[in-house]
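# Residue-level structure breakdown
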Amino acid sequence: MTADPGLYSYIPYKDRPKIVWPGGKKLALWVAPNIEFYELSPPQNPQRKSWPRPEPDVVNYAYRDFGNRVGHWRLMEAMDEFGVRGSVSLSVAMCQHHPEIIAACQERNWEFFSHGIYNTRYTYGMDEAQERAVVEDSIRTVKTATGQDIKGYLAPALTHTMSTMDIIADCGLSYTCDLFHDDQPLPVKVKNGRLISMPYSLEVNDHYAYNVFGFSPEQYTDLLKRHFDTLLEEGADSGTVMCVPLHAYLVGRAHRIDPFRKALEYFASHSDDVWLTTAAEISDFYLANYYDEFDAHIRAHGKGGTA
Amino acid sequence: MTLPDDYLKYPKRQHGMDHDLYPWSNLFDRKPVSWPEGAGVALWITISGEFFPLTPNTGPLRAPGHMATPYPDFRTFTTRDYGNRVGMYRIMKVLDSLGLSASVNMSSDLTTRAPMLVEEFKSRNWEIIAHARNMNDVVHGETPEDTEQDIIDRTLDDLSNNAGIIPKGWMSPARSESYATPSLLAQSGLEYVCDWGNDDMPYLMTTEGGPIHAMPYTHELEDRHVLQNLGQREEVYIEQIIAAFDRLSAEAKDHGGRVLHLALTPYIIGQPFRIWALKEVLNRILEKGAVWNATGEEILSAWQNAQTPETA
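Residues numbered from 1 in each chain as written. Chains lettered and ligands numbered in written order. Predicted model: local features only at pLDDT ≥ 70, side-chain atom pairs only at ≥ 80, totals over all residues. Heavy atoms only, no water.

### Notes on the side chain of B:N136
Relative to the assigned elements, B:N136 resides in the loop between β3 (127–130) and α4 (145–163). Beyond its immediate stretch of four places on either side in the chain, B:N136 contacts B:P53, B:T55, B:P56, B:N57 and B:H66. (Helix = DSSP H or I, 4+ residues; strand = E, 2+ residues; numbered from the N terminus. Contact = heavy atoms within 4.5 Å.)

### Some words on the interface of chain A and chain B
Counting from both sides, the interface comprises 63 residues of chain A and, opposite them, 56 residues of chain B. At the surface where chain A touches chain B, the tally comes to 6 salt bridges. The closest approach of N and O atoms between B:R247 and A:D258, which form a salt bridge, is 3.0 Å. The tally of links between chain A and chain B comes to 36 residue pairs in polar contact (both at pLDDT 80 or more). Elements with a minimum of two residues in the side of chain A that touches chain B: α1 (58–81), α2 (94–97), α3 (99–107), α4 (128–146), α7 (217–234) and α9 (257–268) of chain A. (Salt bridge = Lys/Arg side-chain N within 4 Å of Asp/Glu carboxyl O. Polar contact = N/O pair within 3.5 Å; in protein donor to acceptor, adjacent residues only side chain to side chain.)

### A word on the pattern of salt bridges
Residue and element names in this part refer to chain B. Going through the model one piece at a time under the given rule, you end up with 34 salt bridges over all chains. Residue E119 is joined to K122 by a salt bridge in which the shortest nitrogen-to-oxygen separation is 3.8 Å. With E119 and K122 both in helix α3 (residues 115–123), this residue pair falls 3 residues apart, about one helical turn. Take K122: its relative accessible area is 33%, and that puts it in the partly exposed class. Taking the shortest distance from any N to any O, the salt bridge between D246 and K288 comes out at 2.9 Å. (Buried < 20%, exposed > 50% of the residue type's maximum accessible area, 1.4 Å probe, protein only.)

### Let's talk about helix α10 (residues 279–289) of chain A
Turning to α10(A), its buried residues number three or more, namely A:A279, A:A280, A:I282, A:S283, A:Y286 and A:L287. An end-on view of α10(A) places all buried positions within 160 degrees of arc, on one side of the element. (Arc of directions from axis to C-beta.)

### As for unusual backbone geometry
With an omega of 0 degrees, the peptide bond between A:E55 and A:P56 qualifies as cis. Here A:P56 lies in the loop between β1 (27–35) and α1. Looking along the chain, the bond that leaves B:Y71 and enters B:P72 is cis, with omega of -5 degrees. Its place among the elements puts B:P72 in the loop between β1 (41–49) and α1 (74–98). Even without being glycine, A:L158 reaches a positive phi, approximately 55 degrees. In this structure, B:A132 is a non-glycine residue whose phi angle is positive, near 65 degrees. Tracing the sequence through the fold places B:A132 in the loop between β3 and α4.

### Things to note about the nonpolar core
As a rule of thumb, nonpolar side chains are buried together in soluble globular proteins. Judged by nonpolar contacts, the single largest core of 180 residues is most densely connected at A:F260, B:W35, B:L95, B:W196 and B:L260. If one sorts the elements of this core by residue count, α1(A) sits on top with 11 residues. In this structure, A:F260 is in contact with A:L75, A:Y220, A:T221, A:L224, A:V244, A:L246 and A:V251, ignoring residues within four places of it in sequence. Membership of the second largest hydrophobic core comes to 26 residues, among which are A:F113, A:Y175, A:M198 and A:W275. (Core = buried A, V, L, I, M, F, W, Y, C linked by side-chain atoms within 4.5 Å.)

### Considerations on the packing of α1(A) against α3(A)
Think of two packed helices as two axes; the pair is described by the angle between the axes and how far apart they sit. Residue and element names in this part refer to chain A. One way to put it is that α1 packs onto α3 with a least axis distance of 11 Å and a crossing angle of 5 degrees. When the axis of α1 is compared with that of α3, the two are roughly parallel. When α1 is examined against α3, the residues N68, H72, W73 and M76 are found in contact with a partner set consisting of E100, I101, A104 and C105. Grouping the constituent residues of the contact of α1 with α3 by class yields 5 nonpolar, 2 polar and 1 charged. (Axes fitted to C-alpha atoms, helices over the stretch in contact; angles between N-to-C directions. Parallel < 35°, antiparallel > 145°, perpendicular 65-115°, else oblique. Nonpolar A, V, L, I, M, F, W, Y, C, P; charged D, E, K, R; others polar.)

### Thoughts on the packing of aromatic side chains
Enumeration according to the criterion identifies 28 aromatic pairs over all chains in this entry. For the ring pair A:F180 and A:Y200, a centre distance of 6.2 Å and an interplane angle of 40 degrees mean the geometry is tilted. Placement of A:F180 in the loop between β5 (175–176) and β6 (186–188) and of A:Y200 in the loop between β7 (195–197) and α6 (206–212) is noted, with a sequence separation of 20 residues between them. Exposure remark for A:Y200: the relative accessible area of 2% places this residue in the buried category. Seen from their ring centres, B:F51 and B:F77 are 6.2 Å apart, and the 85 degrees between their planes marks the pair as edge-to-face. On the criterion of sequence distance, the pair formed by B:F51 in the loop between β1 and α1 and B:F77 in helix α1 is long-range, its members being 26 residues apart. (Phe/Tyr/Trp six-rings, centres within 6.5 Å; stacked < 30°, edge-to-face > 60°.)

### Regarding α3(A)
All names here are of chain A. For α3, the full list of buried residues reads I101, I102, A104 and C105. Along the axis of α3, the buried residues cluster in a sector spanning 160 degrees; they form a single face. Following α3 by one or two positions, N109 adopts a phi angle in the positive range, close to 60 degrees.

### Notes on the environment of A:S271
All names here are of chain A. Note that S271 resides in the loop between α9 and β9 (274–277). Looking at S271, the relative accessible area reads 38%, which means it is partly exposed. Each C-alpha atom, one on S271 and one on K25, is 8.6 Å from the other, the two residues being 246 residues apart in sequence.

Here it is in structure tokens:
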């Protein structure tokens, strides 16, 4: 074990190369519905229990299943209303379980990236071949179901190994959502290929708002607006990224979706300065225009090795 | 490290669910349901009538609200009893003043411990949802089937023999089930279960023991969850229920009737400093109109009437 994962150098949030997003925009905003499948009786991982209660934990299983029966359709309708496309953090087994949901996302030109196979299969304890098999399964499954080549990864249930970043880069993915160290994309140190960290704004997650902080829907909308305002202001110096990570079983409840609409309306009303986009588009643009410049900047000024 | 090969095998990676209890279904693709009186939203109020023994069950799970300190936990025991002695009467007063009915998910022990209270429910034609004998009757995946069947049988016997109640609905303590629960309940003649909170409408489950329905239980709007677990203010409790009502009413215009479920806990919402919030939120819902207040069995019956055989 090591005290620092060694995935990036320290580089201050000032005096960085200036990012300007397409159309001269200051903030790149992406919305990430987590479309997940949780298994009722998954095999046990030695390092993490699957469910908080004894199995079958029907209360917690049903709580999440609500998203795929009810919440997803509410969230998708709200996003349609404001022209917001999703970048889907996908339990790829959803392509088998509920292809109806995948087809609805595809019709809207949403992006898919992998969030593992199931959100009840944790990476802890996998050897490199096993973890690679999960990533390769993800790539193959989404390609077969949608024709899309996935570009990003958010490890299932945020469970990692020290090899995760090397494996996804080696499999040809270009961004990870698992690193929460910055509000701009940055190069990640990997053995092969180029990988960037895509800001995922973890504490802006509806899960944090509703199940960690105990917020009301109105409070969550306020949080989103304030987060947005700050990043938009800072984006004038160098472009920033805001992600809105969501779960339809939370934000898609009847009492929460309309307050959330107000946040979407607020984002959409700033379209002069804000690039409403997907993670893949941010990643492509950054790799084409800023990766090399940031890499050189970090080599010149970074602490803790080179990118 | 390496995980066993099985960890990367996915035997239930198939269309639909990873079990046979119910098929996947999109709420917005279903046949619209009409409620009586042209209402868009059915208001289903459930009230917990729970008995928590001072001697809690052993095993891996205790019901939420159960004893918390070492024995004897007078603090928790008497607080829960307060709900049945005092809080319940405050709730009845509010509901009576507005002409509203409720379904009480009730420990069958109350038929002998508080028969006067059970008479109050019966005199109002409120529904009783069987809720096991008391809050120690928690089942889970390791519970032997005959133990669980015995809990069901004795609960139904108590309700019938002591109070003449033949329930149609069941709620498991802690809403915790074994793999056999829906089948055992169906086989025992029950028509619906409140443990599954995965929908905003009733739906049909298919079990070896016969059909049974899942009713839409809304944990996220429980008084206990909002006011106690999350520690939110009463104003915020009201605001969220009204937001849910407005959203469900809007959906009802295009998609047919919806259900707004409110779970009340007498030892929470029945506190003197909180009871105003119940009155306020129910008043505001009734003022908005197009609402049908009904018990669980009435809602299920109306829902069943709206299904054709091929979609039921």
